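Close look at the chain arrangement
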Amino acid sequence: MNSYQLISKLRKVRDDTYLTTAAQALYHELVAICNDMKWKDVFFVRSNILCGNLDMSDNTLRKSRECLSNAGLIHFRSSKDKRIGCYYSFMKSISDDLLSSATSSATSSAISFATSSAKNEDDKNTSSAISSANIEDETQIPPIIDNINIKQEESLAHTHESTPPEKPKRSRKKEGDAKPLVYPFTSIAFMSAWTELVKTPKWKGKLNYALQISLNKLGKFEEEFAIRQIERAIESNWTGVVFSGTERDYQEWLKQKKVWKQSETLYKQAGSK
């Protein structure tokens, strides 16, 4: 199991099942967290951390979690311990045995984190006090200035002036590569897909100058479609993300999205009755 396989699974499920943007962003965030935890079968995340990272309410988080679970993309079980939050798994339903083992590990991690934070705070306060004392002692000693050496250095600087070096030729590509990339979207879903793309063999050697051109092209579309183009580029080993037929595909995608929204609205109206 790896992030690319999980993202591909999301894309395949999305072809037949409507997933909200919030649900897809939550899925990408959980993939990244599971990667940080060395791909454990069951891992835990606090709900307030997910809400803060994704800028969503607790109610939206719960609905997105249920949406992913109903689509068969994740399994989860809530915990009574607020320090732990909720358990998640991509591979299997969470049994009582797995839950017991994961709870022990999660509780130990939470206690360890709290103890480490308290110790770091004490060390920080102690270091600050020592540093302040050293500065106070040093201010009592007047600086010693060697006027003779300063005058000699100024004299040598005037007598040995060198001609200024020639300015190197400017290169637009090198200047563009020195500038940081400007992303059209900054969501977890987009950044995760883009990171996977630039790791592929045909993209990892590209300069920022070329990458920025591709990002600018993606910025002309909606974020969900831009992520779709990135995923297609990864799967098909493309050297680009936007081509001559992309605009036509985008218009077809917009029509399909409109149909999805209309179907969802009718479904909700029928359910309310």
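The structure contained in this document is the topic of the report that follows.

Rules behind the numbers
- Residues numbered from 1 in each chain as written.
- Predicted model: local features only at pLDDT ≥ 70, side-chain atom pairs only at ≥ 80, totals over all residues.
- Heavy atoms only, no water.
- Helix = DSSP H or I, 4+ residues; strand = E, 2+ residues; numbered from the N terminus.
- Buried < 20%, exposed > 50% of the residue type's maximum accessible area, 1.4 Å probe, protein only.
- Contact = heavy atoms within 4.5 Å.
- Areas by Shrake-Rupley, 256 points an atom, 1.4 Å probe, with all protein chains shown as cover.
- Axes fitted to C-alpha atoms, helices over the stretch in contact; angles between N-to-C directions.
- Parallel < 35°, antiparallel > 145°, perpendicular 65-115°, else oblique.
- Left-handed = near helix turned anticlockwise from the far one by under 90°.
- Nonpolar A, V, L, I, M, F, W, Y, C, P; charged D, E, K, R; others polar.
- Phe/Tyr/Trp six-rings, centres within 6.5 Å; stacked < 30°, edge-to-face > 60°.
- Lys NZ or Arg CZ within 6 Å of the ring centre and 35° of its normal.
- Pairing = 2+ DSSP bridges.
- Expected span 1.5 Å × (residues − 1).

**Description of the overall build of the protein**
Scanning the protein from terminus to terminus reveals 11 helices and three strands. The burial tally for the protein puts 30% of its 273 residues in the buried class. The long-range fraction of contacts in the protein, counting pairs at least 24 apart against all pairs at least 6 apart in sequence, stands at 64%. Accessible surface computed for the protein: about 18,500 Å², of which carbon and sulfur atoms make up 52%.

**With respect to the packing of helix α1 (residues 3-16) against helix α2 (residues 21-36)**
Packing of α1 against α2 leaves a shortest axis separation of 10 Å and a crossing angle of 165°. Judged on the interaxial angle alone, α2 and α1 are roughly antiparallel. Here α1 runs over α2; the crossing is right-handed. Where α1 approaches α2, its residues Ser3, Leu6, Ile7, Lys9, Leu10 and Arg14 are matched on the opposing element by Gln24, Tyr27, His28 and Val31. Here the residues of the contact of α1 with α2 sort into five nonpolar, three polar and two charged.

**Considering the packing of aromatic side chains**
Applying the stated criterion across every chain yields a total of 12 aromatic pairs. Every member of this aromatic cluster is reached through a ring pair, and the members are Tyr27, Phe43, Tyr88 and Phe90. The aromatic ring of Trp203 is capped on one face by Lys206, whose charged end is 3.6 Å from the ring centroid.

**Topic: the sheet that holds strand β1 (residues 43-45)**
Strand order across the open sheet formed by three strands is β1-β3-β2, with antiparallel pairing between neighbours. Of all strands in the sheet, those bounded by a partner on one side alone are β1 and β2 (75-78). Neighbouring strand axes in the sheet, compared pairwise and without regard to direction, differ in orientation by 30° on average. Sheet contacts for α2: β1 and β3 (86-89); angle to β1, the most-contacted strand, approximately 125°. The sheet contacts of helix α4 (residues 58-70) involve β2 and β3, and relative to β2 the element is tilted by about 140°.

**Remarks on the side chain of Arg14**
Following the sequence through the fold, Arg14 ends up in helix α1. Judged by relative accessible area, Arg14 falls into the buried class, the value being 10%. Residues in contact with Arg14, not counting those within four places in the same chain, are Gln24, Glu224, Arg228 and Glu231.

**Topic: α2**
Over its 16 residues, α2 runs 23 Å from end to end, which matches the ideal 22 Å to within 8%, given 1.5 Å per residue. Listed in full, the buried residues belonging to α2 are Ala23, Gln24, Ala25, Leu26, Tyr27, His28, Glu29, Leu30, Val31, Ile33 and Cys34. Lys38 sits one or two residues past α2 and shows a positive phi near 65°.

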